[in-house]
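Single-letter residue listing:
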Amino acid sequence: ASDREPLVIIGTGLAGYNLAREFRKLDQATPLLLVTADDGTAYSKPLLSASLAHGKTPQQLASASAEQMARELNAEILVHTRVTDIDAEAKNLTLAVGNGSHSAGLRYGKLVLATGAGCRPLPAIEGDGHARLFRINSLGDYHRFRTAMVGRKRVLLLGAGLIGCEFANDLIQAGFEVEMVDPLDWPLATLLPEAAGRDIQRTLESHGVRFHGNARVTRLDRSGGGIRAQLDSGEHIDADIALAALGLQANTGLAAAAGLKINRGIVVNRQLQSSDANIFALGDCAEVDGHLLYFVAPLMACARALAKTLSGEPTPVHYGTLPVAVKTTLRPTTVCPPRPGAEGSWHIDSSASGVQAEFRGADGRLLGFALTGSAITARDTLTAECTPLMD
Ligand code: FAD
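Here the residue numbers are simple positions, counted from 1 along each chain's written sequence. Totals for whole chains, interfaces and linings use every residue, but because this is a predicted model, local features are given only for residues with pLDDT of at least 70 and side-chain atom pairs only at 80 or more, for both listing and counting. Note that water and hydrogens are dropped before the side-chain values are worked out from all heavy atoms of the structure.

Student: Even after reading the chapter, I still don't get the sheet that holds strand β21 (residues 279–281), so can you show me in this structure?
Tutor: In this scheme, strands are said to pair when DSSP sees at least two bridges between them. Secondary structure counts use DSSP, requiring at least four H or I residues in a row for a helix and at least two E residues in a row for a strand, with both numbered from the N terminus. With respect to topology, five strands assemble into an open sheet ordered β5-β2-β1-β9-β21, the strand pairing being parallel. Strands at the two margins of the open sheet, each flanked by one partner only, are β5 (76–78) and β21. Sheet twist, expressed as the mean angle between neighbouring strand axes with direction ignored, is 20°. Where strand β2 (residues 32–35) meets β5, three bridges bridge the pair, whose relative direction is parallel. By the bridge assignment, L33 is partnered in β5 with E76. What counts as an axis is a line fitted to C-alpha atoms, over the stretch in contact for a helix, and the angles between N-to-C directions run from 0 to 180 degrees.

Student: Where do I start with the pattern of salt bridges in this structure?
Tutor: Salt bridge criterion: a side-chain nitrogen from Lys or Arg within 4 Å of a carboxyl oxygen from Asp or Glu. Taken as a whole and judged by the stated rule, the model has 20 salt bridges. Residue R365 is joined to D363 by a salt bridge in which the shortest nitrogen-to-oxygen separation is 3.6 Å. Buried, partly exposed and exposed residues are distinguished by accessible area as a fraction of the type maximum, computed with a 1.4 Å probe on protein chains only: under 20%, between the cut-offs, and over 50%, respectively. For R365, a relative accessible area of 47% corresponds to the partly exposed category. A relative accessible area of 58% places D363 in the exposed class. For D380, the salt bridge goes to R379, with nearest N and O atoms at 4.0 Å. When its relative accessible area of 28% is taken as the criterion, R379 is described as partly exposed. Among the ionic contacts, a cluster of salt bridges with common partners joins E126, R219 and D221.

Here's what the structure looks like:
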């Protein structure tokens, strides 16, 4: 045991646990404490949208329990414990334990926020069918959804973004009937040019997914043993259960209440340091030098850099080119979106076997790309050519 104030990490998702692992490689002496509102099970969140077809239970997705992680990391882990307040001046946390029946205080030396992102609030949907509407952003959510699916067949998917398309791909292969509704014209429309989005749409449709573009669900009512959704187009869809994949937003409430600077995420510099010198952030909650990225590759880069900084060697993170593999296994897809606001245009090479779309600036520089089907073989070449996210 040591009298030194501990390094405290809030959150045991991929950001919290990977940082703890990287930190322990460099520093075995500083006391390490992780606090999590959930049960602290270690798992790979990306598997949540690619496991139904394989029949994976939540238990099978768990790679280690919190207890095993505490041993592996030589750390103390407080599970089912929510941090409700940060006193940055006193370097003290307030914890609500269990169901919130009692609270406790905890002092830190350095604090890391790895609080993730939550589902964006739903748009206004009237009706009494909301108990059948699910969202999946944690192992607990996956458990709830799988359990509610027992004996059910027809799934209404709200949202055809990256995660919505992955769920469509997974559900259809797991034998469900899938109707997908999205306010935009084609799947993945915020990330892909039309040719590539339509390519994925055609593939999903050829496997039985019904896609309703340019449409919103305005009502969701109970109907028989299932639900009936009303669309703004006048159409209605009958289903057994609904799943919404409508995007994420960074969990910043705790940091904001502590007076930390917030923009779209918790604002941190390239050393992952917030506006308070003793508080750091990484993962889905953190906006790193202007970049808010809900992906694993950037948080791994942050975990490696921050571990060094916290063990005494100040190290900035550097984001290179970070292509993302979309897990639409029926049509393998890779996207490397240009930075928001980047000026340029899409150049598209489309064939029956796949689409290669390159986003180039006026000077010809490659700023982003999207590849589907056989075109994904160009991934490494384009990644090498593409302008990195950080200079
Ligand atoms: P989280 O995993 O959300 O962890 C947040 C932690 O903070 C939790 O332990 C929570 O209990 C804790 N917490 C929050 N507030 C408090 C509090 N006040 N007190 C105590 N604890 C608190 N990315 C990819 O790169 N590739 C993919 O293919 C991919 N697929 C995905 C599929 C799905 C279905 C989803 C949902 C995401 C996917 N992502 C993918 C994104 C990726 O999974 C996330 O970027 C990553 O898991 C975020 O990890 P995190 O640790 O920042 O957040």
